[in-house]
Structure formats: structure tokens, C-alpha cells
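Results of the structural survey
The residues making up each chain are set out below.
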Amino acid sequence: MHWLSKLMSLATRCCATVEPNLKKGDLLDIRPYVKIKVIPGGSYRDCAYISGVLFRKTVSHKSMAREITNPRIMLLSGGIEFTRTENRIASFETLMEQEGKYMEILVGRIVKLKPDILLVGRAVSRRAQEL
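As the structure is a computational prediction, the values presented were derived from the model and not from experiment. Residue numbers here run from 1 along each chain, matching the order of that chain's written sequence. For a predicted model such as this one, the threshold for reporting local features is a pLDDT of at least 70, and the threshold for listing and counting side-chain atom pairs is 80 or more; totals across whole chains, interfaces and linings nevertheless cover every residue. Computation of side-chain values: all heavy atoms of the structure, hydrogens and water removed.

So, about the pattern of salt bridges. By convention in these notes, a salt bridge is any Lys or Arg side-chain nitrogen within 4 Å of a carboxyl oxygen on Asp or Glu. A complete count under the given rule lists two salt bridges for this structure. Lys101 is the salt-bridge partner of Glu97, the closest N and O atoms lying 3.4 Å from each other. One end of the pair, Glu97, and the other, Lys101, are both in helix H2 (residues 92–112), four residues apart, so they sit about a helical turn from each other. The helix and strand labels rest on DSSP assignments: H or I over at least four residues marks a helix, E over at least two residues marks a strand, and numbering proceeds from the N terminus.

Residue types Ala, Val, Leu, Ile, Met, Phe, Trp, Tyr and Cys, when buried and joined through side-chain atoms within 4.5 Å, form a set referred to as a nonpolar core. Relative accessibility under 20% of the residue-type maximum defines a buried residue, over 50% an exposed one, and the middle range a partly exposed one, all with a 1.4 Å probe and only protein chains included. Formed by Met74, Ile80, Phe82, Met103, Val107, Ile110 and Ala128, the largest nonpolar core amounts to seven residues. The leading source of residues in this core is H2, at three residues. Residues are treated as being in contact if the distance between any of their heavy atoms lies within 4.5 Å. Residue contacts for Ile110: discarding those within four places in its chain leaves Met74, Leu76, Ile80, Pro115 and Leu118. Membership of the second largest hydrophobic core comes to five residues, among which are Leu10, Cys14, Val18 and Tyr49.

A word on the environment of Gly52. By the element assignment, Gly52 lies in the loop between helix H1 (2–17) and strand S1 (73–76). The spacing of Gly52 and Val34 is 18 residues in sequence and 9.9 Å in space, taken between C-alpha atoms.

What follows deals with H2. Given a rise of 1.5 Å per residue, 21 residues ought to cover 30 Å, and the 30 Å separating the end C-alpha atoms of H2 matches this to within 8%. Every buried residue of H2 is accounted for by Glu99, Gly100, Met103, Val107 and Ile110. Along the axis of H2, the buried residues cluster in a sector spanning 100°; they form a single face. Set apart from the buried face of H2 by more than 90 degrees, the exposed residues are Lys101, Ile105, Arg109 and Lys112. Looking at the residues trailing H2, positive phi occurs at Lys114, about 55°. Given a helix with a known number of residues, its expected span is that number minus one, times 1.5 Å. Working definition: the arc comes from the directions between the helix axis and the C-beta atoms, pointing outward to the latter.

Structural data, given as C-alpha cells:
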């Protein structure tokens, strides 16, 4: 019975919080706007409703801050990596030099914007992480 009352409480709060705008094309069904995450090993008392955006990721390096107040967040839809052209023949040294220059320019442009948090949609090359 504990689970039922807890689930009803969470579902009611969720339905009251999500407000789809039908005039702008939002769906009346709120399921696409809600994510239910199950974390194994918890009890019903551990269940919580979190309004907003939640990320459950670990930091890339242990020296990075784990908490930041009022962060500047940058979102990149792609990755931070060098893509080589397949049809061209080039020496390995030339490719490594091109990759290094490209990464320096790209990382420099990102650093210039001074983000506290960088969320990347795809892969980040080791070289970019080292810069």
C-alpha cells in the first residue's frame, strides 16, 4: 500500500506540473515530456519528483568541480573531434598536425566563451580534453 500512495502522489504532482501548450502544437499526452528513472536498490521512501532538467553523469576528470552555483552552460549538438577526409591521401604527420591545429582553434573558441559546464552531444577527442 505504501507504493500505491507514493506513486499516486508522484503522478498527481507530475500531471499538475507539466502544462502542454496545445495552441503551439504540444501533445496532450504528457508522457513524451516526463522521464521516469528507476534506480535499483532503493525503497519507496527514496522516490522523488524533480521538476526541471536532470543529468546523471560523472565528471570527466577528478579535478573538476562537482557543484557549481549559477553555472554558464554551453550545449554542443555535435562532437569535439577531427574528421578526416577519406578520399585524400596524406602522410600521418600531416594529419596529426592538422588535427592539432584544428583542436586548438576549436577548443580556443569554446574557452573564449567561458562556459562552466560543457554538454556535448557526441564524442570528445582525447586531444581536446587535454587542451
